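Listed here are the chains, written in short residue letters.
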Amino acid sequence: MKKIIKNSLSDDAVNFLTQIKEAAKYIKSKIHETTSEFHPLYGIITGTGIGTDLIKYVNKIIRISYNDIPHCVGVSSRSHNGVLIFGYLDKVPVVILNGRPHFYEGYTMREVTFLIYVIKQLGVKALFVTSAVGGSSIHNLKPRDLTLVTDHINFMGDNPLAGTDLNLGPRFPDMSEVYSKSLINLALEARVSNLLNFELIYAMAFKGPSIETAGEYRLAETLKCGICTLSMIPEATVAHYLGIHVLGLGIVTDVFDSKNLAKFIEDEVIENAKAADHNVTTFLRYMVTNIKKSCLKNKWD
């Protein structure tokens, strides 16, 4: 009688894991063409209108287009470049995911989060996920405000961990601390020192691409969610599942009031994101530098 092996991987899982390994192997080979000593500790995802300022401060090792990475999908949203940038931010090795694929572009959740699995293979220990978001007037948020996500509600109609079990983490991950309390506490020190001001907030994610209706915004308000996003949550969920420490940073680019809903103007969203870009850079440089100096780095090694 044939022996039954419990928890054996399905063909779909084996195929996906092979794709992750092939993508990671390709990226490592490109890095090694330049240097054999570079290993990124932290990842940064730059959302709509974010990243141009940050990249100026990176001593770049190599840039790799998403289109060149095996099995990786491209991006089509405005102000999302679809490029991996490897280099040193204030002497700390990082990888910047400059732009992201979105669920609303028609990709599967695994395609949307594919690069999160890949950067885990590269050794990334913490991930900073930024996103342009709508901010609630009830929370007194204004365009260009920064918000730190402490929890989320996934209203996208899908979960990035659904499907065949990959055995890369627990099948039923605990979600009591998706967003690292250690990173949030470190970030709060920036607020105490008056380096930056930001709000702690709950996030709610919708699939898009249509912007939320007044009723959907009312639901978010009722559930005490201060920001709404069309991204961030799938990447944060997968990173947490893989054991990567996550910090979610929402950049308010428009403000919603379900009782008096203003018309959404995409150009204003991008303009507000760009206007907040330098503050985002200041914050991320603070975080990367202070993780290196603090006990968190040793704790995670």
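Thresholds, definitions, all that
The written sequence of each chain sets the order in which its residues are numbered from 1. It should be noted that, the model being predicted, local features are given only for residues of pLDDT at least 70 and side-chain atom pairs only at 80 or more, the latter also being counted only at that level, while totals for whole chains, interfaces and linings use all residues. Side-chain numbers here rest on the full set of heavy atoms in the structure, without hydrogens or water. Here the term buried applies to any residue with accessible area under 20% of the maximum for its type, exposed to any over 50%, and partly exposed to those in between, with areas from a 1.4 Å probe on protein chains only. A run of H or I in DSSP becomes a helix once it reaches four residues, and a run of E becomes a strand once it reaches two; helices and strands are each numbered from the N terminus. Strand pairing is assigned whenever DSSP identifies at least 2 bridges connecting the two strands. Each Phe, Tyr or Trp ring (for Trp, its six-membered ring) is paired with any other whose centre lies within 6.5 Å, and the angle between the two planes then decides the class: stacked below 30 degrees, edge-to-face above 60, tilted in between. Counted as over-ring charges are cases with an Arg CZ or a Lys NZ within 6 Å of the ring centre that also lie within 35 degrees of the ring normal. A pocket, in this scheme, is an open set of points on a 1 Å grid over the protein atoms alone with protein on both sides within 12 Å along at least 5 of 7 lines, while a cavity is a set where a 1.4 Å probe fits but cannot get out; residues line either one if an atom lies within 4 Å of a point. Grid points are joined across faces, edges and corners, and a volume is the space filled by probe spheres set on the points. Nonpolar residues are Ala, Val, Leu, Ile, Met, Phe, Trp, Tyr, Cys and Pro. Charged residues are Asp, Glu, Lys and Arg, and all others, Gly as well, are polar. In this scheme, a helix's expected span is set at 1.5 Å multiplied by one less than its residue total. Pairs of residues are marked as contacts when any of their non-hydrogen atoms sit within 4.5 Å. When the sulfur atoms of two cysteines come within 2.5 Å, that pair is taken as a disulfide. By definition, pLDDT measures how confident the predictor is in each residue, and it falls between 0 and 100.

Participant: Run through the pairing of strand β4 (residues 92–98), naming residues and quoting values.
Facilitator: Within β4, seven of the seven residues are buried, which leaves it mostly tucked inside the rest of the structure. Residues V92, V94, I96 and N98 point to one face of β4 and P93, V95 and L97 to the other, with burial holding for every one of them. With five bridges joining them, strand β1 (residues 42–46) and β4 adopt parallel strand pairing. The residue of β4 that forms the bridge with G43 is V95. Judged from the seven bridges that link them, strand β3 (residues 83–89) and β4 form a sheet pairing that is antiparallel.

Participant: Now, about the packing of aromatic side chains: what can you tell me, with residues and values included?
Facilitator: The final tally for this structure, using the stated rule, is six aromatic pairs. The interplanar angle of 90 degrees and the centroid separation of 5.2 Å between the aromatic rings of F16 and Y117 together place this pair among those described as edge-to-face. Linking F16 in helix α1 (residues 11–32) with Y117 in helix α4 (residues 114–121), this pair joins segments that are 101 residues apart in sequence. Assessed through its relative accessible area of 7%, F16 is described here as buried. Both rings, one in F155 and one in F206, keep their centres 5.5 Å apart while their planes meet at 70 degrees; by these two values the pair is edge-to-face. You can see F155 sitting in strand β6 (residues 146–155) and its partner F206 sitting in strand β7 (residues 198–206), a full 51 residues away along the chain. Given the relative accessible area of 44%, F155 is considered partly exposed. Taken together, F16, F114 and Y117 form an aromatic cluster joined through their ring pairs. Across from the ring centre of F16, 5.1 Å away, lies the NZ or CZ of R110, which sits over that ring.

Participant: Explain empty space enclosed by the protein to me, using residue names and the numbers behind them.
Facilitator: In the structure shown here, the tally under the stated rule is three cavities of 30 Å³ or more. Looking at the largest cavity, its volume works out to about 100 Å³. Taken together, 15 residues make up the lining of the largest cavity; nearest its centre are L97, R100, P101, V112 and L115. Every element with two or more residues in the lining of the largest cavity is listed here: α3 (109–112) and α4. The element best represented in the lining of the largest cavity is α4, accounting for three residues. Partitioning the lining of the largest cavity into residue classes produces ten nonpolar, two polar and three charged. The space that makes up the second largest cavity amounts to roughly 60 Å³. Lining of the second largest cavity is provided by R110, Y117, L161, T164, D165, L166, P170, R171 and Y241. For the lining of the second largest cavity, the residue count by class is five nonpolar, one polar and three charged.

Participant: How would you summarise α1 if you had to cite specific residues and measurements?
Facilitator: Given a rise of 1.5 Å per residue, 22 residues ought to cover 32 Å, and the 31 Å separating the end C-alpha atoms of α1 matches this to within 8%. Buried positions along α1 lie against β2 (58–65), β3, α3 and α4.

Participant: Any chance you could break down the state of the cysteines for me, citing the residues and the numbers?
Facilitator: Counted under the stated rule, the structure contains zero disulfides. Distance from the sulfur of C225, which forms no disulfide, to the nearest cysteine sulfur (C228) is 6.8 Å. By relative accessible area, which is 4% here, C228 ends up buried.

Participant: Go over unusual backbone geometry with me, naming the residues and quoting the values.
Facilitator: The omega torsion across G208 and P209 is 5 degrees, close enough to zero to call that bond cis. Looking at where P209 falls in the secondary structure, it is placed in the loop between β7 and α6 (214–222). The phi dihedral of H71 is positive, around 70 degrees, even though this residue is not glycine. With respect to the secondary-structure elements, H71 resides in the loop between β2 and β3.

Participant: Can you break down the confidence of the model for the protein residue by residue, with the values?
Facilitator: Within the protein, residue pLDDT values average 92, and 93% of them lie at 70 or more. Confidence drops under pLDDT 50 across residues 1–6; counting only partners more than four residues distant or on other chains, this segment forms zero contacts.

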